[in-house]
Amino acid sequence: MHKPNKKMKRNSTILSLSLILLLCISSFAPSKKMDARPTNIILMIGDGMGLSQISYSLLTATQKMNFERFNYIGFSRTSSSNHKITDSAAGATAMSCGRKTYNGAIGVFTNKQPMTTILELAEKNGLATGLVATCDITHATPAAFIAHQPSRNMYQEIAKDFLATDIDLFLGGGLDNFNKRKDGDDLTRQLRVRNYDVLTSLAELWNYEPKNKKVAGLFAPKHLPKMQESRGDYLPFSTNFAIDYLKKNKKGFFLMIEGSQIDWGGHDNDAEYIRRELNDFDIAIGKALDFAELNGNTLVIVTADHETGGFALSGNEDDKTQDGIEPKFITKNHTATMVPVFAYGPGASKFTGIYENTAIFDKMVELFNFSR
Ligand SMILES: [Zn+2]
């Protein structure tokens, strides 16, 4: 046997250094895996927001939109259990409970039995929870995250379901369903007894000083105004407000924010209504992304429950209006087309590909590491 020469010695040194490096990397691997879980999830639902709705805003925008800040994008198949075309109740229930159900169902399965929602799971696991919408808070999309009723039209029963939970914050319209009820109950009084500050005007929201109380914001008898009327920056403001409020919980939070009226622009076949509502929603998305970028432990998911209007960006080169874009609609109702899903933050890569709307629930539960 000959003695190892200088070159061999150097090679063995490199080899042992590499081994040490490899050991170091592998010992860090588990914590890296844990880092890929978000502490907070902000789910943002643009009701009725298909690709053409987003494209129309992008084509008419004068600056970069927040939608362009996402790297991970997938598609959600939106059918309900009883129809290829979903409504907002079944669409939201698919995302809140992870099961396909019938159109009109609020947090209940096809047999009308209640299912546990992601918001309820978050509560059970000690997270802070919130809902923000630009419609009546008892309307289908926010309702499906907190209530369990066989029909979306049971607004007063849905309002009562809010009191069966410990939700930390909800902001929207729908005051009438809380204090002008057939049963004569005043749920705003009951909320106050349960340690909620009940705010009934936007001025109260603008000037609110956080206390050690939960917040119920019911800013309109029914829905909030359109952007084209007098809503101002309610949605971006409420997005920041909710995040600032919920982030105090060290265990994390779940927050659902709905751009409710993009859908109504579709039902009205009104492209300008859609554009204004979507641009407002985009500003709210920017607030969520700004927080997620700084925070590092927040997953932001932006998607829709379905597309509305069969919206298309038609036109020809000879038409000089709107740079040749002529928005058209094929229906006053919802369509069966897939909707995009945008994700940013820890776990965002799980949202690429094509999957059922129910998978959004599954992915959130998995990322939060909740047992069902
Ligand atoms: Zn609709």
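Quantities reported herein were computed from a predicted structural model and do not represent experimental measurements.

> How should I be thinking about the overall build of the protein in this particular structure?
If you tally the helices and strands in the protein, you get 13 helices and 14 strands. Burial analysis of the protein (372 residues in total) assigns 53% to the buried set. The contacts in the protein between residues at least 6 apart in sequence include a share of 72% that link residues at least 24 apart. Carbon and sulfur atoms form 53% of the exposed surface of the protein, whose accessible area is close to 17,100 Å².

> In this structure, what is going on with the environment of glutamine 156? I would like to understand it.
When you line up the elements, glutamine 156 lands in helix H6 (residues 155-162). Accessibility expressed as a relative area gives 15% for glutamine 156, which makes it buried. Between the C-alpha atoms of glutamine 156 and phenylalanine 178, which are 22 residues apart in sequence, the distance is 7.1 Å. Apart from residues no more than four positions distant in its own chain, glutamine 156 is found in contact with Asn177, Lys180, Arg181 and Lys182.

> Can you help me understand the side chain of threonine 298 in this one?
With respect to the element layout, threonine 298 can be found in strand E8 (residues 298-303). Within the local environment of threonine 298, its side chain forms a polar contact with the side chain of asparagine 40, the two groups lying 3.0 Å apart. For threonine 298, the side chain forms a polar contact with the side chain of asparagine 295, separated by 2.7 Å.

Procedures and definitions
Residue numbers run consecutively from 1 along every chain, following the written order of its sequence. Totals for whole chains, interfaces and linings use all residues, but because this is a predicted model, local features are given only for residues with pLDDT of at least 70 and pairs of side-chain atoms are given and counted only at 80 or more. Calculation of side-chain values draws on the structure's entire complement of heavy atoms; hydrogens and water are dropped beforehand. Secondary structure is summarised from DSSP: a helix means a run of H or I of at least four residues, a strand means a run of E of at least two, and numbering begins at the N terminus for each. Throughout this description, buried means an accessible area under 20% of the type-specific maximum (1.4 Å probe, protein chains only), exposed means over 50%, and partly exposed covers the range between. For this analysis, residues touch if any pair of their heavy atoms sits within 4.5 Å. Here, Shrake-Rupley sampling with a 1.4 Å probe gives the accessible areas, and only protein chains in the shown set may cover a residue. Polar contact criterion, stated in full: a pair of N or O atoms within 3.5 Å, where within protein one must be able to donate a hydrogen and the other to accept it, and residues adjacent in sequence count only if both atoms are side-chain atoms.

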